[in-house]
Amino acid sequence: MVALVAGVDSSTQSCKVVIRDARTGALVRSGRAAHPDGTEVDPRAWWSALGEALREAGGLDDVEGISIGGQQHGMVCLDEGGEVVRPALLWNDTRSAQAADDLVRELGAQAWADGVGSVPVASFTVTKLRWLATHEPESVARTAAVCLPHDYLTWRLAGASTLDTLATDRSDASGTGYWSPATGAYRPDLLERALGRVVRVPTVLAPDASAGVTAALDGVTRSGVVLGPGAGDNAAAGFGLGAVEGDVVVSIGTSGTVFACSATPTADPTGIVAGFADASGRFLPLVCTLNAARVLDATAGLLGVSLDSLASLALSAPAGADGLVFVPYLEGERTPNKPNATGALHGLRLSTMTPAHLARAAVEGMLCALADGLDALVAQGVAVRRVLLVGGGARSAAVRAIAPAIFGVPVVVPPEGESVADGAARQAAWVVLGGEEPPQWTVGETRTFEADPTPHVREAYAAARDLVTDRR
C-alpha cells in the first residue's frame with residue numbers, strides 16, 4: 001500500500017499543500033489558499049488558510065504524516081490560555097530596525113555572532129520582542145509564550161492542548177536570535193534582554209523527531225496523522241531540493257537568498273552571513289539581498305517589453321555590456337547593509353544607451369549582487385561545488401545562461417515546483433518511514449548550465465558598487 005505524506009508551505013503570501021508518495025516523492029495532489037496582505041497578520045488567518053488548502057488538496061484521510069515549512073522569524077505571542085495576544089509581526093515588518101540597532105550596540109556584534117551565529121537585524125524575532133517591550137508593555141504582560149508561524153500551526157494541528165506542547169525545529173529556532181545552532185540550546189538571557197522577562201518557548205526537536213499526532217479537527221484533519229517538527233522556509237527548500245555539502249542554493253524571488261548546506265556552524269560578526277541551522281541536522285549559512293527578480297521586472301517595465309523579450313535583449317549584448325554597469329539597489333540593500341541606498345547606472349555612452357545593453361547590465365547587476373553573497377559564504381569557509389538556481393527569476397533564459405559565468409561554477413536548474421512544501425513533505429516522510437537518513441527522492445529532470453567565467457564583469461561591478469553610498 002502506498003504511504004502518503006503532506007507538506008505545507010505557509011509563506012507570507014499563501015498556504016500551499018502537496019500530497020506525495022512517502023517513498024518516491026511522486027506528487028499525488030495539491031491545494032492552496034491566500035494569506036492576508038501586510039506585515040502584521042493575525043495567526044488565526046494562517047490557520048484558516050491551512051484548512052482551506054488542505055480541503056482543496058483532498059484532505060488527510062489517506063495521509064500518514066504532515067509537516068509544515070513556514071516563513072521565518074515572525075513573532076507569535078500567546079497568553080496563558082493559548083489565545084493570540086496581538087497580530088504577529090512578520091519577518092518583513094521593519095518597525096523593529098531601531099530595536100535591532102539597540103540590541104547590537106548593547107552587546108556588540110561579535111558577542112551576538114558568537115552567541116547565536118547571527119547579528120540581529122529587523123527581521124529577527126528577538127528584535128520584534130524588544131520593540132514590543134518598548135511600545136506595548138501591556139502586550140508583554142499578557143504574553144506567556146512566544147513561538148514562530150510554523151510552530152503555531154503545528155501546535156494547532158496537534159490540538160493546542162497546553163503551551164508546554166509547543167514545538168519547533170532547529171532551522172526555525174536559529175532565526176529567533178535567542179537559540180544557538182552551535183550549542184543546540186536556547187539563550188534565555190538574550191530572550192530576557194529583549195522582552196524584559198523569560199517566557200515559554202517551543203521545545204526544539206531533531207529533524208526526524210515527531211511533534212506528536214494531529215487531533216480530530218472538523219474540516220481540517222482527522223486524528224492520528226504523524227506530525228513532523230517543521231522547518232523554516234529556506235531550510236525546507238534546501239531539503240526539498242536535496243541540497244548536500246558543496247551545493248549553494250540561489251533563490252531569485254522578490255528578494256534574493258544565497259544559502260548552503262554546511263557541516264559546521266558559522267558566526268559572522270559583520271552580519272552579512274546569518275548562521276542558521278538546516279533541516280537535516282547540519283547548518284545553513286545564509287545571505288539575503290533585497291533586490292532580485294523585481295530588478296528584471298522593473299527593467300522590463302522601463303523598456304516596455306516582456307520578461308522573455310528582456311532575456312533575448314540581454315543575450316544579444318556582449319558580456320559586460322560594453323562597460324555599462326547597473327548597481328540594482330532599487331529598494332536599498334541588505335547585503336551590503338545600505339538600506340537607504342539607491343540604484344545606479346555607470347558607463348552610459350551613446351554606444352551603450354540601448355535596450356540590449358541596459359537589459360544585459362540589469363541581469364549582470366542582479367547576479368553580481370547575488371555573487372557578493374556567494375563570496376561572503378566562501379569567506380566563512382563554505383565549499384561551493386555548484387549552484388542550484390530556483391525562484392521566479394530562474395525562469396529567465398538570460399539568467400540561466402549568464403549565471404555560471406558570474407558565479408564561476410556550474411549552475412543547475414531543477415524543475416519548477418513547490419520546494420518549501422516539498423521539503424516539508426520529505427521531512428514528514430522521514431518521520432513516518434524512520435531511518436538514519438531521509439528518503440532519497442528524485443526531484444525530476446534538471447538542466448545544467450556552464451560558461452567560461454567573466455571576472456571582468458565582477459570587477460567592473462565591484463568598482464561601481466563601492467561608489468554607492470547609504471543616504472542616511
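A brief structural summary. (Residues numbered from 1 in each chain as written. Predicted model: local features only at pLDDT ≥ 70, side-chain atom pairs only at ≥ 80, totals over all residues. Heavy atoms only, no water.)

Description of the packing of helix H2 (residues 97–107) against helix H3 (residues 109–116)
Part 1: Their axes nearest at 6 Å, the elements H2 and H3 cross at an angle of 95 degrees. The orientation of H2 relative to H3 falls into the category roughly perpendicular. Along its contact with H2, which presents Leu103, Val104 and Leu107, the element H3 presents Ala109, Ala111 and Trp112.
Part 2: Each residue belonging to the contact of H2 with H3 can be placed in one class, and the counts come to six nonpolar, no polar and no charged. (Axes fitted to C-alpha atoms, helices over the stretch in contact; angles between N-to-C directions. Helix = DSSP H or I, 4+ residues; strand = E, 2+ residues; numbered from the N terminus. Parallel < 35°, antiparallel > 145°, perpendicular 65-115°, else oblique. Contact = heavy atoms within 4.5 Å. Nonpolar A, V, L, I, M, F, W, Y, C, P; charged D, E, K, R; others polar.)

Quick word on the pattern of salt bridges
Part 1: The full count for this structure, using the stated rule, is 27 salt bridges.
Part 2: With its nearest N and O atoms 3.0 Å apart, the salt bridge here joins Glu106 to Arg193. Of this pair, Glu106 sits in helix H2 while Arg193 sits in helix H8 (residues 188–195), and the two are 87 residues apart along the sequence.
Part 3: What makes Glu106 partly exposed here is its relative accessible area of 38%. (Salt bridge = Lys/Arg side-chain N within 4 Å of Asp/Glu carboxyl O. Buried < 20%, exposed > 50% of the residue type's maximum accessible area, 1.4 Å probe, protein only.)

Topic: the environment of Leu330
Part 1: Relative to the helices and strands, Leu330 resides in the loop between strand S19 (325–327) and strand S20 (344–346).
Part 2: Once the C-alpha coordinates of Leu330 and Asp470 are considered, the two residues, 140 residues apart in sequence, prove to be 12 Å apart.
Part 3: If sequence neighbours within four positions are ignored, Leu330 has contacts with Asn291, Val295, Ala298 and Gly343.

So, helix H12 (residues 355–379)
Part 1: With 25 residues, H12 should reach 36 Å at 1.5 Å per residue; the first-to-last C-alpha distance of 36 Å fits that figure.
Part 2: Taking burial as the measure, the 25 residues of H12 include 21 buried ones, the bulk of the element.
Part 3: One or two positions beyond H12, positive phi appears at Gly381, with a value near 90 degrees. (Expected span 1.5 Å × (residues − 1).)

Examining a nonpolar patch on the surface
Part 1: A surface patch of nonpolar side chains, amounting to about 310 Å² of accessible area, comprises Leu345, Leu348 and Met353.
Part 2: Inspection of the secondary structure assignment puts Met353 in the loop between S20 and H12. (Patch = residues over 30% accessible without salt bridge, like charges linked within 9 Å, V, L, I, M, F, W, Y side chains within 5 Å. Areas by Shrake-Rupley, 256 points an atom, 1.4 Å probe, with all protein chains shown as cover.)

Section: the environment of Ala237
Part 1: Examined against the element boundaries, Ala237 turns out to sit in helix H9 (residues 233–241).
Part 2: Distance from Ala237 to Gly69, taken between C-alpha atoms, is 8.5 Å for residues 168 residues apart in sequence.
Part 3: Other than its neighbours up to four places away in sequence, Ala237 contacts Ser419 and Val420.

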